[in-house]
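Below are the chains, spelled out letter by letter.
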Amino acid sequence: MRVGVLTKEYPPEVYGGAGVHVEFLVRELRRLIEVDVHCWGAPRNEPGVRSYEPPKELTTANPALQTLGVDLEIAQAVQGADLLHSHTWYANLGGVLGAQLHGVPHILTAHSLEPSRPWKAEQLGGGYRVSSWAERQAYESADAVIAVSHAMVPEMLAAYPFLDPARVHVIHNGIDTTLYAPTRSAGLAGLAERFGIDADRPSVLFVGRITRQKGVAHLLRAAADFDPDIQLVLCAGAPDTNEIAVETADLVETLSRRRSGVSWIRKMLPRPELVELLTMASVFICPSIYEPLGIVNLEAMACETAVVASAVGGIPEVVDDGVTGVLVPYSARAGRQFENDLAAAVNALVRDPARTAAMGAAGRERAVREFSWPAIAQQTVELYSSILAG
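Reference entry: report on the structure contained in this document.

## Structural notes on the overall build of the protein
- Each helix and strand counted, the protein has 15 helices and 13 strands in total.
- By the compact-globule yardstick of 21 Å for 390 residues, the protein fits well, its C-alpha radius of gyration being 21 Å.
- Taken along its principal axes, the extent of the C-alpha atoms in the protein is 60 × 45 × 40 Å.
- Here the protein holds 390 residues, and 57% of them are scored as buried.
- The long-range share in the protein, meaning contacts at least 24 apart out of those at least 6 apart in sequence, stands at 68%.
- With 33 positive and 45 negative side-chain charges, the protein shows a separation of 3 Å between the mean positions of the two kinds.

Below, the structure is given as structure tokens:
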């Protein structure tokens, strides 16, 4: 069996959970089947990986149109695959057209849904209508749809009521618990010093893109009510728009005037450094307002760090409330209450190191037991086989 995996993100150009998912899924799939990867960006040296840049004629076009240009090239290039598997709307239309052109099945993994992310219009303008159209084409024609959490299924069926529930399959995201594991190297003190982190004070860590979805503004307002000795380490980059970048900078500046211990790392760190920060953190925080699963919580749990997270989407399928962390209810109409509750949850955990340590240990055990990539790859190959068998 030869499968074409279609994705925008692939190492070393990975900036979000979908890219992490594809990276590890492909690694495990290759132990079982032949896999060709079609991705965006600079040329890769990895065998079986082909990358694409938007056509030069679309250099100044809306990003959504650039995406369609890449998808057209991918659709032509996937000839020879027995099945296509696309990830996110950026690659979905390549899967739709490639399947029709070459007469092969197409399945997609839903890492998020465009109808559930109206704030994307702030980033894409009219391109948001184009991205929504492209995603809809994929859901209309896909031979199977993979949801990364059970919580996504009703959301998916509500967004696309024409979708036959029999075509929907739940296969969770995973975690490599050998790469993500508690790590305290000799260089940790230097890492902390480089980013202005006091290793003798408790710290709360956020890791993610600067986008409405991740709830960064809620976190920065909540942090004003963290206990005075708690540090906030914000590992946040890749802002969706200049406006969001400016807004975030203003909130960080306001918070820094009110309290000490605010460290903002404005780039995505190499994995070894990220793992050390996850290990060093007293608490990991995930204030997302929308999250199909939230793989970053798994990364923190695998590093034996307790989690405070919003109870949205698939996060409750990862974070066991009261066991591996604390879940905080979210409502768009009660943003201030959400921020108050985030601060209260963080303060309660940091004040109780024994409870926090127990949650960290339970989190790693859960990550190892329930979210291994080999099991996820096996489930995926079984789905491929069932689709090809007709």
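On we go from here.
## Overview of the pairing of strand β4 (residues 83–87)
- The buried count for β4 comes to 5 of 5 residues, which makes it a mostly enclosed element.
- Side chains Leu83, His85 and His87 of β4 all project onto a buried face; the interleaved residues Leu84 and Ser86 project onto the opposite face, where all are buried too.

## Notes on the packing of helix α1 (residues 17–29) against helix α15 (residues 373–389)
- α15 packs onto α1 with a crossing angle of 75 degrees between their chain directions and a minimal axis gap of 9 Å. Looking at the two axes, α1 sits roughly perpendicular to α15. Facing His21, Phe24, Leu25, Glu28 and Leu29 of α1, the residues of α15 in contact are Trp373, Pro374, Ile376, Ala377, Thr380, Val381 and Tyr384.
- Tallied by class, residues from the contact of α1 with α15 come to 9 nonpolar, 2 polar and 1 charged.

## A few points about the packing of helix α2 (residues 63–77) against helix α3 (residues 89–102)
- At a minimum axis separation of 8 Å, α2 and α3 run at an interaxial angle of 35 degrees. Judged by the twist between their axes, the crossing of α2 over α3 is right-handed. Along its contact with α2, which presents Ala64, Thr67, Leu68, Asp71, Leu72, Ala75 and Gln76, the element α3 presents Trp89, Tyr90, Ala91, Leu93, Gly94, Leu97, Gly98, Leu101 and His102.
- The residue inventory of the contact of α2 with α3, partitioned by class, reads 10 nonpolar, 5 polar and 1 charged.

Conventions used here
Residues numbered from 1 in each chain as written. Predicted model: local features only at pLDDT ≥ 70, side-chain atom pairs only at ≥ 80, totals over all residues. Heavy atoms only, no water. Helix = DSSP H or I, 4+ residues; strand = E, 2+ residues; numbered from the N terminus. Rg over C-alpha atoms; globule rule 2.2 N^0.38 Å. Buried < 20%, exposed > 50% of the residue type's maximum accessible area, 1.4 Å probe, protein only. Contact = heavy atoms within 4.5 Å. Lys, Arg positive; Asp, Glu negative; His and termini not counted. Charge placed at Lys NZ, Arg CZ, Asp CG, Glu CD. Axes fitted to C-alpha atoms, helices over the stretch in contact; angles between N-to-C directions. Parallel < 35°, antiparallel > 145°, perpendicular 65-115°, else oblique. Nonpolar A, V, L, I, M, F, W, Y, C, P; charged D, E, K, R; others polar. Left-handed = near helix turned anticlockwise from the far one by under 90°.

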